[in-house]
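Take a look at the letters that make up each chain.
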Amino acid sequence: MGKEYVIMTDSSCDLPQELADQLGLEVLPLEVMADGKNYRNWLDGREIGFKEFYNLAREGKELKTSAVNTATFEEKMEKLLEEGKDVLYLGFSSGLSTTYNSGESAARELREKYPDRKIYTVDTLAASLGQGMIIYYAAKKKEAGATIEEVRDFVEGEKLHMCHWFTVDDLNYLKRGGRISAATAAIGTMLSIKPVMHMDNEGHLAAVGKARGRKASLKALVDSMEATMLPGRNETIFICHGDCIEDAEYLANLVRERTGVQDIVINYVGPVIGAHSGPGTIALFFWGSER
């Protein structure tokens, strides 16, 4: 038997707190600045509630985010190592944040200090509940008795099959983040055109289509799932929303009707992702043949 190990991640995974607790995860919070005040983005919203955050967003308050720093990773990892546990860190896409790089930097330092211990990191190239879903399946493998190396290799081998498909309701958030031009945002808003986007193989957000109207954009997400989902791999899938639970439930029902998947975890898009995507974001995550 190998040493006991802990799966560590960061709060951009957007998992429900109770599920993270059940899975025995160590979750480090990123930070969000809303209306000039800094908050740690805990999964349970203890410093800033999800509805409170989205209300600030709707009021047009300035929103900024910051990564987990190397010192925080070192402190948390070293505490686990001193308790006799090895560490597997599954991090937020390096294509969107420096958080993963901070985690890997901390791991390098600690490998020198604890040469007989196992400290692995994996860049999931995923975000929000796409990252969360990878971690969920990794933790289930751990529960079933997989070694730290087996779980690490599972994530490395399967992460590019984690499909992230999403749409937004307010194009101005993508405009502010440089994802679309001001002209595209203005015309799209006027014509009620909604972008259909996904996460690419480098862990970046990419626009791949558009739909006329909200319902059509949600149906387009399920179209993508139907076209590429891997049979027998999607016992549980994930949906997240930017404070629009009715649309999330509508999407979940569409998925159930059209794909047969019944077990669907729904949760908020947390403040770190939501600061860049805005209220009304809807995202669908599943295992597919390709991203």
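Residues numbered from 1 in each chain as written. Predicted model: local features only at pLDDT ≥ 70, side-chain atom pairs only at ≥ 80, totals over all residues. Heavy atoms only, no water.

Counting across every chain of the model gives 20 salt bridges. Two residues, E143 and K140, come together in a salt bridge whose shortest N-O distance is 3.6 Å. You can see E143 and its partner K140 sitting in helix α5 (residues 128-143), three residues apart, about one turn around the helix. A salt bridge links R233 to E158; its shortest N-O distance comes to 3.3 Å. Pair noted here: R233 is in the loop between α9 (214-228) and β11 (236-241) and E158 is in helix α6 (residues 148-158), with a separation of 75 residues, a long-range link. We classify R233 as partly exposed; its relative accessible area is 25%. One connected set of salt bridges, linked through shared partners, spans K51, R58 and D243. (Salt bridge = Lys/Arg side-chain N within 4 Å of Asp/Glu carboxyl O. Helix = DSSP H or I, 4+ residues; strand = E, 2+ residues; numbered from the N terminus. Buried < 20%, exposed > 50% of the residue type's maximum accessible area, 1.4 Å probe, protein only.)

On to the side chain of S12. Along the chain, S12 turns up in the loop between β1 (5-10) and α1 (17-22). Among the polar contacts made by the side chain of S12, one reaches the side chain of Q131 at a distance of 2.8 Å. Not counting chain neighbours up to four residues away, the residues in contact with S12 comprise L30, F92, A127, S128, Q131 and I273. (Polar contact = N/O pair within 3.5 Å; in protein donor to acceptor, adjacent residues only side chain to side chain. Contact = heavy atoms within 4.5 Å.)

Whenever strands of a sheet pair, they do so through backbone hydrogen bonds, lying parallel or antiparallel. Pairing is mixed across the open sheet formed by six strands, whose spatial order is β10-β9-β8-β13-β11-β12. One side of each edge strand has no neighbouring strand; the edge strands of this open sheet are β10 (205-212) and β12 (263-268). For this sheet the average axis-to-axis angle between neighbouring strands, irrespective of direction, equals 20 degrees. Examined bridge by bridge, β11 and β12 share six bridges and lie parallel to one another. Bridge pairing links C240 to N267 in β12. Each of β11, β12 and β13 (282-287) is contacted by helix α10 (residues 245-259), which is oriented at about 160 degrees to β12, the strand it contacts most. (Pairing = 2+ DSSP bridges. Axes fitted to C-alpha atoms, helices over the stretch in contact; angles between N-to-C directions.)

Here the focus is the state of the cysteines. Tallying each qualifying case throughout the model produces zero disulfides. Between C244, a free cysteine, and C240, which holds the nearest cysteine sulfur, the sulfur-to-sulfur gap is 9.2 Å. (Disulfide = S-S within 2.5 Å.)

Judged by how many residues are buried, strand β6 (residues 86-91) sits mostly within the fold: six of six residues are covered. Burial along β6 is two-sided: D86, L88 and L90 facing one way and V87, Y89 and G91 facing the other are all buried. Between β6 and its parallel partner strand β7 (residues 119-123), the chain crosses via helix α4 (residues 99-113), and the hand of that crossover is right-handed. (Right-handed = clockwise from strand over helix to strand, strands pointing away.)

So, about unusual backbone geometry. Located in the positive-phi region is D14, a residue other than glycine, with phi close to 60 degrees. When you line up the elements, D14 lands in the loop between β1 and α1.

Ring pairs (aromatic) are described by centroid distance and by the angle formed between their planes. For the structure on display, the rule yields nine aromatic pairs. A ring pair is formed by Y136 and F238, whose centres lie 5.5 Å apart and whose planes are at 65 degrees; its orientation type is edge-to-face. Here Y136 is found in helix α5, whereas its partner F238 is found in strand β11, with 102 residues between them in sequence. Both residues of the pair, Y136 and F238, count as buried. Arranged with centres 5.6 Å apart and planes meeting at 80 degrees, the rings of Y137 and W287 form a pair that is edge-to-face. (Phe/Tyr/Trp six-rings, centres within 6.5 Å; stacked < 30°, edge-to-face > 60°.)

What follows is about α10. Look at α10: 21 Å from first C-alpha to last across 15 residues, which is about the 21 Å you get at 1.5 Å a residue. On its buried face, α10 is in contact with α9, β11, β12 and β13. Once α10 finishes, G260 follows within two positions and takes phi at roughly 85 degrees, a positive value. (Expected span 1.5 Å × (residues − 1).)

A separate point is the sheet that holds strand β2 (residues 26-28). Read across the sheet, four strands follow the order β2-β1-β6-β7 without closing on themselves; strand pairing throughout is parallel. Each edge of the sheet is formed by a strand with only one pairing partner; in this case those strands are β2 and β7. Going across the sheet, the axis of each strand differs from the next one's by a mean of 20 degrees, ignoring polarity. Along the sheet face, helix α3 (residues 70-82) touches β1, β2, β6 and β7 and points at about 145 degrees away from the line of β6. Most of the contacts of α5 go to β1, to which it runs at about 175 degrees, and overall it touches β1 and β6.

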